[in-house]
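Okay, here's what each chain looks like letter by letter:
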Amino acid sequence: MKNFKRIFASALILLMAVYSAACHPKDEIAVTVGDISFTSAYYMCALINADSEAKTRVQEELSEDESTTDIDYYSKKIDDKDYVTWVEDTAMETLKQIAAYKMLCEENGLELSEEDETNAENYASYYWSSYGYSTYFEPNGVGEQTYTQYMRDSYYSGIYFEFLYGAEGEKAIDAETVRTTMYENFIIADMLQASFSGLEEDQITQTTEQFNTYVEELNNGTKTFEQIYNDYNGITEDTEGTDGSSQAETTESSGTDSSSEAEGTESSESEELQPKDQYASILGTEDTVYASDQYDTIKEMATGEVKLIELEDDAGLILAVKQDITADPYYVETLDIATRHLIADEEFEADIKEYADGLTLEVNDYAVNQFKVKKIKEPTA
């Protein structure tokens, strides 16, 4: 009799699992906004991203006496909303915006370019496999195909923005305004960074002396930045710049990878156009994709001035040589769209929200309610 009960219980569990799977098919539609439908997995992708953003917001707003470990996120409020409510609302707003961008692009005959498609797929693959996103999304029911589609859809906002505010757009911003705003928010500098992480005291002293020597050599003209750059990174004349890879690889190790990576992404549309100074990094104000903690310090420097910057908490050193961004036409093209976003984003986002709020919204509660913010699985270390 006991064996019979065990067999019956096992069969019942199996039946419930099959029934549950049947109730939530693979391509189940969870949300429809206007003419655009989103699957359950796609909604979950938006929910995960909203949860990640919410956690970042909470961490940024912690008081000095609060620890960043063991945070009770669900007890926090964001924009006067309970944590869970904010995450759910943000996920839904994200779907509404994506639908708005896609519909507006379709209405105006705008499509993703082959380059956009390739970039979206490459970025999605990189983040999924090399950046560990698979360990976050897969346990929560989001596959790589869905994540790739989510990444691809993110490109529609840029397409529509340029359609409106680009040089030939319906709401084109004049070139002089763009240029003035650009020079107010971006600067360039040759930068060499040393991290003190993991170094012994004598090694820190040796590195500091080495950088002070570099400053003297730059100031008295006995060496160029290229020469000290090569010296610090161990690049010899035989290997220097033979394939263009040395500079890119060592730039990342010198702590200027964020601006260099962004610069490479922005300039990919025109491979022929190159900066006059291959060592220059772009630094921007806090509202830009090139935001840098060193922006204010270097902004105040004169062109050609050399400064040794000590990072907070003895984290390391940055040797900076300010350059003239206005002297290189490369940046006028490279920073064009980024600058237009600074000028027009507030208006653009308000118009998109108004359009999105006017779209019909249909929510499959049965599909959506299976996903709970508090049950989002975090990747294990």
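Going by the structure above, here's the rest.
Residues numbered from 1 in each chain as written. Predicted model: local features only at pLDDT ≥ 70, side-chain atom pairs only at ≥ 80, totals over all residues. Heavy atoms only, no water.

Peer 1: For this particular structure, what's the right way to read the overall build of the protein chain?
Peer 2: Scanning the protein chain from terminus to terminus reveals 16 helices and nine strands. In the protein chain, which comprises 381 residues, the share counted as buried stands at 39%. Contacts spanning at least 24 positions in sequence make up 71% of the contacts within the protein chain whose residues lie at least 6 apart. Of the accessible surface of the protein chain, which amounts to about 22,300 Å², a share of 46% is contributed by carbon and sulfur atoms. (Helix = DSSP H or I, 4+ residues; strand = E, 2+ residues; numbered from the N terminus. Buried < 20%, exposed > 50% of the residue type's maximum accessible area, 1.4 Å probe, protein only. Contact = heavy atoms within 4.5 Å. Areas by Shrake-Rupley, 256 points an atom, 1.4 Å probe, with all protein chains shown as cover.)

Peer 1: Would you take a moment to explain helix α10 (residues 225-233) for this structure?
Peer 2: Each turn of an α-helix holds 3.6 residues, which means side chains three or four residues apart point in the same direction. The set of residues buried in α10 consists of Phe225, Ile228, Tyr229, Asn230 and Asn233. Count one or two residues on from α10 and you reach glycine 234, which has phi positive near 70 degrees.

Peer 1: I tried to follow the environment of aspartate 174 on my own but got confused; where do I start?
Peer 2: Examined against the element boundaries, aspartate 174 turns out to sit in the loop between α7 (155-165) and α8 (175-185). For the pair aspartate 174 and arginine 340, spaced 166 residues apart in sequence, the C-alpha to C-alpha distance is 9.8 Å.

Peer 1: I would appreciate a short explanation of the sheet that holds strand β6 (residues 280-284) in the present structure.
Peer 2: Note on sheets: strands pair through backbone hydrogen bonds, and any given pair is parallel or antiparallel. Strand order in the open sheet formed by four strands is β6-β5-β8-β7, with antiparallel pairing between adjacent strands. Every interior strand has two partners, whereas the edge strands, β6 and β7 (306-310), have only one. Ignoring strand direction, the axes of neighbouring strands in this sheet form an average angle of 40 degrees. As defined by bridge partners, strand β5 (residues 186-195) adjoins β6 across five bridges and the pair is classed as antiparallel. Paired with isoleucine 187 across the bridge in β6 is leucine 283. α8 contacts β5 and β6 of the sheet and is inclined by roughly 25 degrees relative to β5. (Pairing = 2+ DSSP bridges. Axes fitted to C-alpha atoms, helices over the stretch in contact; angles between N-to-C directions.)

Peer 1: Where do I start with the packing of aromatic side chains in this structure?
Peer 2: Given two aromatic rings, one states the distance between the centres and the angle between the planes to describe the pair. Here the structure, examined in full by the defined rule, presents 30 aromatic pairs. Ring geometry for tyrosine 101 and phenylalanine 348: centres 6.0 Å apart, planes at 25 degrees, overall stacked. Here tyrosine 101, found in helix α3 (residues 83-107), pairs with phenylalanine 348, found in helix α15 (residues 336-357); they are 247 residues apart in sequence, far enough to count as distant. The ring of tyrosine 73 is capped by lysine 55, whose NZ or CZ atom sits 5.0 Å from the centre of that ring. (Phe/Tyr/Trp six-rings, centres within 6.5 Å; stacked < 30°, edge-to-face > 60°. Lys NZ or Arg CZ within 6 Å of the ring centre and 35° of its normal.)

Peer 1: Would you take a moment to explain unusual backbone geometry for this structure?
Peer 2: In terms of backbone geometry, most residues other than glycine have negative phi values and most peptide bonds are trans. The backbone of aspartate 79 shows a phi angle near 50 degrees, a positive value even though the residue is not glycine. Looking at the secondary structure, you find aspartate 79 in the loop between β3 (77-78) and β4 (81-82). Its identity as a non-glycine residue notwithstanding, aspartate 313 has a phi of 60 degrees, on the positive side. Examined against the element boundaries, aspartate 313 turns out to sit in the loop between β7 and β8 (316-323). Overall, the relative accessible area of 77% leaves aspartate 313 in the exposed class.

Peer 1: Just checking my understanding: could you explain the pattern of salt bridges for this structure?
Peer 2: In a structure, side chains of opposite charge can pair up when their charged atoms sit close to one another. Summed over the entire model, instances satisfying the criterion amount to 16 salt bridges. Here arginine 57 makes a salt bridge to glutamate 61, at a shortest N to O gap of 3.6 Å. For lysine 353, the salt bridge goes to aspartate 357, with nearest N and O atoms at 2.8 Å. Linking lysine 353 with aspartate 357, this pair stays in helix α15, spanning four residues, or about one helical turn. Overall, lysine 353 belongs to the partly exposed group, its relative accessible area being 43%. Taken together, the shared-partner salt bridges connect Glu93, Lys96, Lys353 and Asp357 into one network. (Salt bridge = Lys/Arg side-chain N within 4 Å of Asp/Glu carboxyl O.)

Peer 1: Would you mind going over the nonpolar core with me for this structure?
Peer 2: Nonpolar side chains tend toward joint burial in soluble globular proteins. By size, the foremost hydrophobic cluster in this structure holds 73 residues, and its most contacted members are Tyr43 and Leu47. Ranked by residues supplied to this core, first place goes to α3 with 13 residues. Contact partners of leucine 47, with chain neighbours within four places excluded, come to Val87, Glu88, Ala91, Phe371, Val373 and Ile376. (Core = buried A, V, L, I, M, F, W, Y, C linked by side-chain atoms within 4.5 Å.)

Everything listed here is a matter of coordinates, which is why it stays silent on function.
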